[in-house]
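# A closer look at the structure
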Protein chains: 2
Amino acid sequence: MKLVCAQNDLSARLSLLSRVVPSNPSHPVLANVLLIAEPDRLGLAVFDLSLGMQVWIPAQTEVPGSITLPARFFNDIVSRLPNAPIEIAVDEVTTTLTCGSGHYQMQGISAEEFPALPELEDSQQVVLSAALLLEGLQGSVFAVSSDESKQVLTGLHLSTQSKMLEFAATDGHRLAIANSAIETPDIAVTVPAKALRELEKLLGRQETDLTLRFDPGQVVFEFATEQGMARLSSRLLEGQYPNYNQLIPKQFERQITIERQLLVSGLERVAVLAAQKNNVIKLSINAAKQQIDLSAEAPQFGSGEESISAQVSGDDLDVAFNVKYLIDGLKAMNSSEVQIQLNSATSPAIVRPLTGTKITYLIMPIQIRS
Amino acid sequence: MKLVCAQNDLSARLSLLSRVVPSNPSHPVLANVLLIAEPDRLGLAVFDLSLGMQVWIPAQTEVPGSITLPARFFNDIVSRLPNAPIEIAVDEVTTTLTCGSGHYQMQGISAEEFPALPELEDSQQVVLSAALLLEGLQGSVFAVSSDESKQVLTGLHLSTQSKMLEFAATDGHRLAIANSAIETPDIAVTVPAKALRELEKLLGRQETDLTLRFDPGQVVFEFATEQGMARLSSRLLEGQYPNYNQLIPKQFERQITIERQLLVSGLERVAVLAAQKNNVIKLSINAAKQQIDLSAEAPQFGSGEESISAQVSGDDLDVAFNVKYLIDGLKAMNSSEVQIQLNSATSPAIVRPLTGTKITYLIMPIQIRS
């Protein structure tokens, strides 16, 4: 195997791929990146047996072939090379990298030991714009559980609602649903959040169309890049995803319309006090003054209160929330105003942006002593 | 006590002061910032019994007085307030902060419990430009020992050489000396590096003159800021500072003149390999080719080599260094070319920038098996 490629192409891709490589791989070859030199292009792949990433970059290939190299180590060197052509030459598993006046030798592992990336059979297919996909992700993925023991809740659920793609995430305390304008055939899959976060990075700010393919066990995202192709595959999470739509109340006794940024800033300030004790803040609806009051107490330190004008309908109410959850949801929205709907201090509240991506954010109040 | 000040003045200063506050103070009041409301200005001070920082900002003081408030907590709230006037009102030790529609109450500790910041008596004085001081610091402070048990080596030694201020730092493995164009009377003090790093931050990019005052136990830096005055005081480190000038060889058998940035880039690449084993790199002087070769080996991974053109005088030599130390020194210089002088593979090498601040960087080679 022997080829020449551009340092900036290789470095940009390697830095994304090496993120996916497991720190403590079950087999040494999983810490490696697979290089496949084909005529005119170099394929690069990493795979942790769940998440796989493959990209192609332009290359002048003199001798086709393949090898695997330690991913992080290879990336550490390539990222520090000058932006110039890099020659990669492989003799058995000894790989020589030459760039300018630098020569690096490293010991690879035969490509034959690298596990095959999954192939889909009889898969269904959706074509969707990267921009709409990213909107859907940004409106929901923050609510995924980070607790690995929660299994299906560590994934984002993609399903069809009225022929459109719906994104849902919940960690048991809050639920975020983003409704996209992506037409889709019937789909109901739960994709590990990690795979989607890596997909976000792999997409960058590129405007493109992706092909999403899935079978009962796997999902594959594929798209063209400036350098060539990119493909991300992931196993799907098994298990029944909660029937979350039934959690959303049909009617509300109280409604608040409020400037999103003012609310976030106020919450961030009372959060300083709330951080001293369980992150609990109190939200008091004041219909007479057409405002809401946010307050928190920090034992030993003190207390804080913010008043924010709002359009309020319904009776006064005091309700407590985890301030971090409220801020997470509000920051995932980008409308200038949001609507908060609720019934009581013990039933779910719903936050929705008034414009932009359709997001439904459900958050459970915290019980407070009267 | 009651006053009004601007959020941006208060926040900018508090964020610097709260860095100095100890995390586990020996007395609760040391976690607090002292506020002193004087006519037309608010004084703020923190003190960890070694390092003290005092600043003043403009204020409309209605009722003079003083209080101490939990520094980090106070900073966390103030930094999140909108850029608007803040009213601070104190009743006994209960302090109320009002800004826009936000009200915060916190419990302070009486100012009487705050330890007095040290006053200098019979002190000597140097007036110096902030720019020259920062140059001297940047050329030397990186070589200070970070090992608290090394006592006097955790400080920067300021002394008079030919009537000018010299900065010296050593951790026992390397020595950095920066010679400034600051005229000074006789001085020989060792200032904790931490104090000088905080001074750098407090100065920011401001062009100003500082007054440095010192007595046998303390040093005080004082300067005018856009908001008012700022003062940093620190105890001096006790103990005899090593007589470092005697370590510098008088003559050299070998000399290399080389582009600094090329050398740093090459070192950073072979450092990836060296990082796998003790950070050792080999520097080989090649007089015939007028170049130096940098190389490192990483057991299990591979090896790397970089060749860099240089003006070389003297015989060929292989010498090994800790690559981190070399990079640290080269990065503290800002000339386009540097000169490396050395005698043998077991005696100190000296690196000097060809232009800019006069820096002498001594680094001991590492013994390698032949």
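Residues numbered from 1 in each chain as written. Chains lettered and ligands numbered in written order. Predicted model: local features only at pLDDT ≥ 70, side-chain atom pairs only at ≥ 80, totals over all residues. Heavy atoms only, no water.

This paragraph deals with the overall build of chain A. Of regular secondary structure, chain A possesses six helices and 26 strands. Its C-alpha atoms give chain A principal-axis dimensions of about 80 × 50 × 35 Å. Taking all 370 residues of chain A together, the buried fraction comes to 55%. Considering only contacts within chain A whose residues lie at least 6 apart along the sequence, 65% involve residues at least 24 apart. Counting only carbon and sulfur atoms, one obtains 45% of the accessible surface of chain A, whose full area is about 16400 Å². Here chain A holds 28 positive side-chain charges and 41 negative ones, and the gap between their average locations is 7 Å. (Helix = DSSP H or I, 4+ residues; strand = E, 2+ residues; numbered from the N terminus. Buried < 20%, exposed > 50% of the residue type's maximum accessible area, 1.4 Å probe, protein only. Contact = heavy atoms within 4.5 Å. Areas by Shrake-Rupley, 256 points an atom, 1.4 Å probe, with all protein chains shown as cover. Lys, Arg positive; Asp, Glu negative; His and termini not counted. Charge placed at Lys NZ, Arg CZ, Asp CG, Glu CD.)

Next up on the list: the packing of aromatic side chains. Any two aromatic rings considered together are summarised by their centre-to-centre distance and by the angle between their planes. All names here are of chain B. The final tally for this structure, using the stated rule, is six aromatic pairs over all chains. Seen in terms of ring centroids, Phe142 and Tyr361 are 5.4 Å apart; in terms of plane orientation they differ by 55°. Their pairing is tilted. One end of the pair, Phe142, is in the loop between α3 (130–138) and β11 (155–161); the other, Tyr361, is in strand β26 (residues 358–363), and 219 residues separate them in sequence. Residue Phe142 shares its accessibility class with Tyr361, and that shared class is buried. (Phe/Tyr/Trp six-rings, centres within 6.5 Å; stacked < 30°, edge-to-face > 60°.)

Further remarks concern the sheet that holds strand β4 (residues 51–58) of chain B. Residues and elements named next belong to chain B. Pairing is antiparallel in the open sheet, where eight strands are placed in the order β6-β2-β3-β4-β17-β16-β15-β10. Each edge of the open sheet carries a strand with a single partner, namely β6 (65–70) and β10 (124–129). If you compare each strand with its neighbour and ignore which way they point, the axes differ by 15° on average. Across five bridges, strand β15 (residues 209–214) lies against strand β16 (residues 218–224) in antiparallel orientation. In the sheet register, Leu212 faces β16, and the bridge partner there is Phe221. This element, helix α1 (residues 7–20), spans β2 (32–38), β3 (41–47) and β4 of the sheet and lies at about 175° to β4. Where helix α2 (residues 71–80) meets the sheet, it contacts β2 and β6, and its direction lies at approximately 90° from that of β6. (Pairing = 2+ DSSP bridges. Axes fitted to C-alpha atoms, helices over the stretch in contact; angles between N-to-C directions.)

On to the interface of chain B and chain A. If you look at the interface, chain B gives 29 residues, while chain A gives 29 residues. Taken together, the two surfaces of chain B and chain A that pack against each other cover about 2300 Å², and 57% of this comes from carbon and sulfur. Considering only the surface of chain B that becomes buried against chain A, Phe73, Arg269 and Phe301 of chain B emerge as the three largest contributors, covering 26% of it. Sorting the residues of the side of chain B that touches chain A by element identifies α2, β9 (102–107), α5 (260–274) and β21 (302–309) of chain B as the ones contributing at least two each. For the side of chain B that touches chain A, the residue count by class is 12 nonpolar, 11 polar and six charged. With five bridges joining them, strand β9 (residues 102–107) of chain A and β21 of chain B adopt antiparallel strand pairing. Looking across to β21 of chain B, one finds that His103 of chain A is bridged to Glu305 of chain B. (Buried area = accessible area lost by both parts, 1.4 Å probe. Nonpolar A, V, L, I, M, F, W, Y, C, P; charged D, E, K, R; others polar.)

Before going further, it helps to examine the domain arrangement of chain A. The parts lose accessible area when they come together, and the size of an interface is often stated as this lost area. Residues and elements named next belong to chain A. As far as domains go, chain A holds domain 1 (2–113), domain 2 (124–246) and domain 3 (249–363). Relative placement of domain 1 and domain 2: their C-alpha centres are 28 Å apart. In this assembly, domain 1 packs against domain 2 so that about 1500 Å² is buried in total across both faces, 49% of it on carbon and sulfur atoms. The interface formed by domain 1 and domain 2 contains two salt bridges. (Domains from an automatic or database assignment. Salt bridge = Lys/Arg side-chain N within 4 Å of Asp/Glu carboxyl O.)

This paragraph deals with the relation of the copies chain B and chain A. It takes a turn of 180° to lay chain B on chain A, together with a shift of 0.0 Å along the axis; the resulting RMSD is 0.0 Å. Read as a symmetry element, the transformation amounts to a two-fold axis. When the interface residues of chain B are mapped onto chain A, 100% of them again lie at the interface, so the same face is used by both copies. (Least-squares fit on C-alpha atoms with pLDDT ≥ 70 in both.)

Residue and element names in this part refer to chain A. The eight strands are arranged β6-β2-β3-β4-β17-β16-β15-β10 in an open sheet whose pairing can be described as antiparallel. Sheet topology places β6 (65–70) and β10 (124–129) at the edges, where each strand pairs with a single neighbour. Averaged over all adjacent pairs, the angle separating strand axes in this sheet is 15°, with direction ignored. Looking at chain direction, β10 and strand β15 (residues 209–214) are connected through six bridges and run antiparallel.

All names here are of chain A. Here the phi dihedral of Gln151 falls at roughly 45°; this positive angle occurs in a residue that is not glycine. Positionally, Gln151 belongs in the loop between α3 (130–138) and β11 (155–161). We classify Gln151 as exposed; its relative accessible area is 55%.

Should their charged atoms come close, side chains of opposite charge can pair. Following the criterion strictly, the structure yields 24 salt bridges over all chains and no others. A single salt-bridge network, built from bridges that share partners, covers Asp171, Arg174 and Asp328 of chain A.

For the rest of this paragraph, the subject is the confidence of the model for chain A. On average, residues of chain A score 95 in pLDDT, and 99% of them reach the 70 mark or higher. Two numbers describe this predicted complex: its pTM, 0.90, and its ipTM, 0.87. (pLDDT = per-residue confidence, 0-100.)

As a further point, take the side chain of Gln7 of chain A. As for its placement among the helices and strands, Gln7 of chain A is situated in helix α1 (residues 7–20). Ignoring anything within four residues of it in the chain, the contact list for Gln7 of chain A reads Val78, Ser79, Leu81, Pro82, Asn83, Ala84 and Ile86 of chain A.

In this section: the packing of α1 of chain B against α2 of chain B. All names here are of chain B. Two elements in contact, α1 and α2, have axes whose closest approach is 9 Å; the angle formed by their N-to-C orientations is 145°. Seen along the crossing, α1 lies across α2 with a hand that is left-handed. Contact residues: α1 offers Gln7, Leu10, Ser11, Leu14, Ser15 and Ser18, while α2 offers Ala71, Arg72, Phe74, Asn75, Val78 and Ser79. Its residues placed into classes, the contact of α1 with α2 shows five nonpolar, six polar and one charged. (Left-handed = near helix turned anticlockwise from the far one by under 90°.)

Before going further, it helps to spend a moment on the environment of Thr160 of chain A. All names here are of chain A. For Thr160, the location among the structural elements is in strand β11. C-alpha separation for the pair Thr160 and Thr355, spaced 195 residues apart in sequence, amounts to 22 Å. With residues near it in sequence (within four places) discarded, Thr160 still touches Thr184, Pro185, Asp186 and Ile187. Of note is the side chain of Thr160, whose polar atom sits 3.0 Å from the backbone oxygen of Pro185. A polar contact is formed between the side chain of Thr160 and the backbone nitrogen of Ile187, at a distance of 2.8 Å. (Polar contact = N/O pair within 3.5 Å; in protein donor to acceptor, adjacent residues only side chain to side chain.)

Moving on: the environment of Arg213 of chain B. All names here are of chain B. Of note, Arg213 is situated in strand β15. When the C-alpha positions of Arg213 and Pro22 are compared, they lie 25 Å apart, and in sequence the two are 191 residues distant. Apart from the residues lying within four places of it in its own chain, the contact partners of Arg213 are Leu120, Ser123, Gln124, Gln125, Gln218, Val219, Val220 and Glu222.

Here we take up helix α4 (residues 193–203) of chain B. Within the sequence span of α4 of chain B, burial applies to Ala193, Ala195, Leu196, Glu198, Leu199, Leu202 and Leu203 of chain B. Looking at the residues trailing α4 of chain B, positive phi occurs at Gly204 of chain B, about 60°.

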